[in-house]
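Listed below are the residues making up each chain.
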Amino acid sequence: MTILTNHLPTAELQALDAAHHMHPFTDANGLAAKGARIMTRGKGVWLTDSEGQEVLDGMAGLWCVNIGYGRREMAEVAARQMEELSYYNTFFQTSHVPAIALAAKIAELAPGDLNHVFFAGSGSEANDTNLRLVRRYWQVKGKPWRNIVIARWNGYHGSTMGGGSLGGMKPIHAHGGKIDGIAHIDQPYWWGEGGEMTEAEFGLARARQLEEKILELGPDNVAAFIGEPVQGAGGVIIPPETYWPEIQRICDAYGILLIADEVITGFGRTGNWFGSETFGIRPHIMTIAKGLSSGYQPIGGSIVCDEVAATIAEGGEFFHGYTYSGHPVAAAVALENLRILQEEHIVEHVRDVAHPYLKQRWDALTDHPLVGEAKLVGLMGSIALTPDKARRAKFSDEANVGYRCRERCFANNLIMRAVGDRMIIAPPLVITPAEIDVLIERAVLSLDECYAGLKADGIKVG
Ligand SMILES: *Cc1c(COP(=O)(O)O)cnc(C)c1O
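Note that the structure is predicted; figures quoted are calculated from it, not measured.

Draft legend 1. Quick look at the domain arrangement of the protein chain. Assigned domains within the protein chain: domain 1 (37–67 + 345–456) and domain 2 (73–343). Taken over C-alpha atoms, the centre of domain 1 sits 26 Å from the centre of domain 2. Each partner contributes to the interface: domain 1 provides 34 residues, whereas domain 2 provides 39 residues. Across the domain 1 to domain 2 interface the summed buried area is about 2,900 Å²; carbon plus sulfur atoms make up 62%. Where domain 1 touches domain 2, the interface holds 1 salt bridge. In this structure, the salt-bridge partner of Lys375 is Glu199, at a minimum N-O distance of 3.3 Å. At the junction of domain 1 with domain 2, the criterion picks out 17 residue pairs in polar contact (both at pLDDT 80 or more). Counting residues per element, the ones that place at least two in the side of domain 1 that touches domain 2 are helix 3 (60–63), helix 15 (346–363), strand 11 (371–377), strand 12 (380–385), strand 14 (417–419) and strand 15 (422–425).

Draft legend 2. Quick peek at the layout of surface pockets. Roughly 820 Å³ of internal volume is contained in the second largest pocket. As for the second largest pocket, its lining consists of 27 residues, of which Thr90, Val117, Phe118, Phe318 and His320 are closest to the centre.

Draft legend 3. Structural detail: the sheet that holds strand 15. Strand order in the open sheet formed by 4 strands is 11-12-15-14, with antiparallel pairing between adjacent strands. A single partner strand is all that each edge strand has here, and the edge strands are strand 11 and strand 14. Here the strands of the sheet are splayed against their neighbours by 25° on average, with no regard to which way each runs. Bridge count between strand 11 and strand 12: 5 bridges; the pairing is antiparallel. Bridge pairing links Val377 to Met380 in strand 12. Each of strand 11, strand 12 and strand 15 touches helix 15; the most contacted strand, strand 11, lies at about 175° to it.

Draft legend 4. Just the pairing of strand 7 (residues 222–227), in detail. For strand 7, the buried fraction is high: 6 of the 6 residues fall into the buried class. Two strands pair when backbone bridges link them, and strand 5 (residues 148–152) and strand 7 are joined in this way by 3 bridges, in the parallel orientation. Note that in strand 7 the partner of Val149 across the bridge is Ala224. Relative to strand 8 (residues 257–261), strand 7 is paired through 4 bridges, and the arrangement is parallel. For Ala224, the partnering residue across the bridge sits in strand 8 and is Leu257. At this point the chain moves from strand 7, through helix 11 (residues 243–254), to the parallel strand 8, and the crossover so formed is right-handed.

Draft legend 5. Representation of the packing of aromatic side chains in the model. The final tally for this structure, using the stated rule, is 8 aromatic pairs. Note on Phe91 and Phe92: the rings are 5.6 Å apart at their centroids and 70° apart in plane angle, and the pair reads as edge-to-face. Ring geometry for Tyr137 against Trp138: centres 4.9 Å apart, planes inclined by 90°, an arrangement best described as edge-to-face. The burial state of Tyr137 is the same as that of Trp138; both residues are buried. One aromatic cluster in this structure is built from Phe225, Tyr243 and Trp244.

Draft legend 6. Molecular detail of the side chain of Gln81. Tracing the backbone through its elements, the reader meets Gln81 in helix 4 (residues 72–84). With residues up to four places along the chain from it excluded, the contact list for Gln81 reads Ser86, Pro98, Pro328, Val329 and Ala332.

Draft legend 7. Representation of the packing of helix 4 against helix 14 (residues 328–343) in the model. The N-to-C vectors of helix 4 and helix 14 enclose an angle of 150°; their axes lie 9 Å apart at closest approach. One element, helix 4, and the other, helix 14, form an angle in the roughly antiparallel class. The way helix 4 lies across helix 14 gives a crossing that is right-handed. For the pair helix 4 and helix 14, the contacting residues are Glu73, Met74, Val77, Ala78, Gln81 and Met82 in the first and Pro328, Val329, Ala332, Val333, Glu336, Asn337, Arg339 and Ile340 in the second.

Draft legend 8. Main features of the site of the ligand. Close contacts around the ligand come from Ser122, Gly123, Ser124, Asn127, Tyr156, His157, Gly158, Glu228, Asp261, Val263, Ile264 and Lys290, and that covers them all. Within the backbone of Tyr156, a nitrogen or oxygen atom sits 3.4 Å from a nitrogen atom of the ligand. In this structure, a nitrogen atom belonging to the ligand sits 2.7 Å away from a side-chain N or O atom of Asp261. Per-element tally for the shell around the ligand: the top contributor is helix 6 (residues 123–140), with 3 residues.

Draft legend 9. Quick peek at unusual backbone geometry. Of note, the phi angle at Gln93 is positive, near 60°, even though the residue is not glycine. Assignment of secondary structure puts Gln93 in the loop between helix 4 and helix 5 (97–109). Assessed through its relative accessible area of 82%, Gln93 is described here as exposed. Backbone geometry places Ser294, a non-glycine residue, at a positive phi of 50°.

Reading guide: rules and limits
- Residues numbered from 1 in each chain as written.
- Predicted model: local features only at pLDDT ≥ 70, side-chain atom pairs only at ≥ 80, totals over all residues.
- Heavy atoms only, no water.
- Domains from an automatic or database assignment.
- Contact = heavy atoms within 4.5 Å.
- Buried area = accessible area lost by both parts, 1.4 Å probe.
- Salt bridge = Lys/Arg side-chain N within 4 Å of Asp/Glu carboxyl O.
- Polar contact = N/O pair within 3.5 Å; in protein donor to acceptor, adjacent residues only side chain to side chain.
- Helix = DSSP H or I, 4+ residues; strand = E, 2+ residues; numbered from the N terminus.
- 1 Å grid on protein atoms, 1.4 Å probe; cavity = no way out; pocket = protein on both sides within 12 Å on 5 of 7 lines; lining within 4 Å.
- Points joined across faces, edges and corners; volume = space filled by probe spheres on them.
- Pairing = 2+ DSSP bridges.
- Axes fitted to C-alpha atoms, helices over the stretch in contact; angles between N-to-C directions.
- Buried < 20%, exposed > 50% of the residue type's maximum accessible area, 1.4 Å probe, protein only.
- Right-handed = clockwise from strand over helix to strand, strands pointing away.
- Phe/Tyr/Trp six-rings, centres within 6.5 Å; stacked < 30°, edge-to-face > 60°.
- Parallel < 35°, antiparallel > 145°, perpendicular 65-115°, else oblique.
- Left-handed = near helix turned anticlockwise from the far one by under 90°.
- Near = heavy atom within 4 Å.

See below:
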């Protein structure tokens with residue numbers, strides 16, 4: 001049996017890593033110069049690295065480990081499924097129990113008439129499915145010209161061609177281009193872009209850009225709008241309360257399909273099963289991945305409403321699918337994850353225990369001289385680092401403040417991510433109040449060190 005434990009000294013693992021392993025979203029030479037931190041174990045909210053350091057994972061891996069690391073039941077289900085039926089496809093008029101059971105369970109949990117699931121291997125793939133699905137929908141409806149999808153600048157929908165094009169991250173578009181027929185509007189990021197407007201005014205103004213864009217493109221040319229209920233990778237941008245109701249009104253008024261990318265916000269992250277419930281969104285399609293399996297297996301999918309599924313069916317065969325759509329091991333593991341989330345009342349834990357406790361401690365971070373605003377929905381939060389709170393000012397790019405702060409967190413065994421000048425968290429949903437105390441303690445220490453470092457380097461703060 002191949003046993004992959006910490007079988008080599010860290011430096012040798014780092015050298016092999018640098019020599020052979022191409023990392024996602026990474027400057028390879030920069031990483032090779034310092035060496036990757038090598039994680040070896042995980043339990044609950046804790047990671048252990050190859051040097052034996054205990055790290056509090058404030059990001060649940062990549063926003064995905066909702067039930068926490070190292071649950072034995074998940075391993076047992078995977079092992080049993082591999083022995084029983086390790087693989088079969090769902091292409092040619094065949095199906096299998098894990099895919100059937102998982103689709104039915106997701107339909108039960110999803111709101112409204114989101115009753116149909118098309119499986120993918122990841123969130124990016126699911127959004128590629130969505131792009132093809134909405135265009136196919138309008139074809140079947142006899143309007144093949146209705147094919148433009150509107151998305152947001154600084155949205156994130158994955159990094160395949162489809163996902164990367166739907167996303168509004170210019171550095172991603174710059175590497176390999178962008179698919180035609182995708183238009184972007186501005187994001188509802190009040191702190192960074194709201195100017196003199198109140199949050200409520202700004203939310204409406206940004207939502208109304210959707211209407212302006214629809215009118216500019218011609219309402220009969222627009223297939224769908226896609227957005228994350230809360231932008232995750234863009235910096236945990238929690239929209240003003242006025243935003244989503246106005247988006248919903250506009251989609252309804254022009255008969256445009258609404259896709260909620262719930263890859264992060266799904267499965268309890270915002271204190272409800274889906275972010276759409278938290279924000280009052282009624283999507284036709286939801287993108288899911290990440291928390292669907294808590295990252296124990298790669299799996300994603302699109303949850304599709306009755307009318308869209310019926311229209312696709314009317315069109316006959318839809319020429320689309322992945323070898324691993326509904327993979328039996330991934331599906332069985334995801335189903336076990338949903339059982340754990342439900343039977344252990346983890347969504348309620350977020351809503352009633354973890355969120356209220358973290359909220360009070362997170363908000364208090366605004367007492368720190370570096371912290372302008374603190375935002376939190378469920379268990380996804382962000383703070384804005386600023387040299388001048390009253391003006392909502394930005395640090396210069398050279399100050400590199402997000403990177404500095406993240407480095408301090410990393411050194412203090414807290415994983416907190418930086419997006420520009422925002423520090424973000426999304427811990428496993430099972431985090432306890434005592435663990436939240438550790439998270440906050442390490443965050444404050446890191447902010448203090450970052451602040452001292454800025455001062456020492458002559459960068460003006462406050
Ligand atoms: C992570 C993410 C994706 C992409 O999912 P992958 O599994 O990495 O392909 C898509 N949408 C959102 C909102 C995400 O956060």
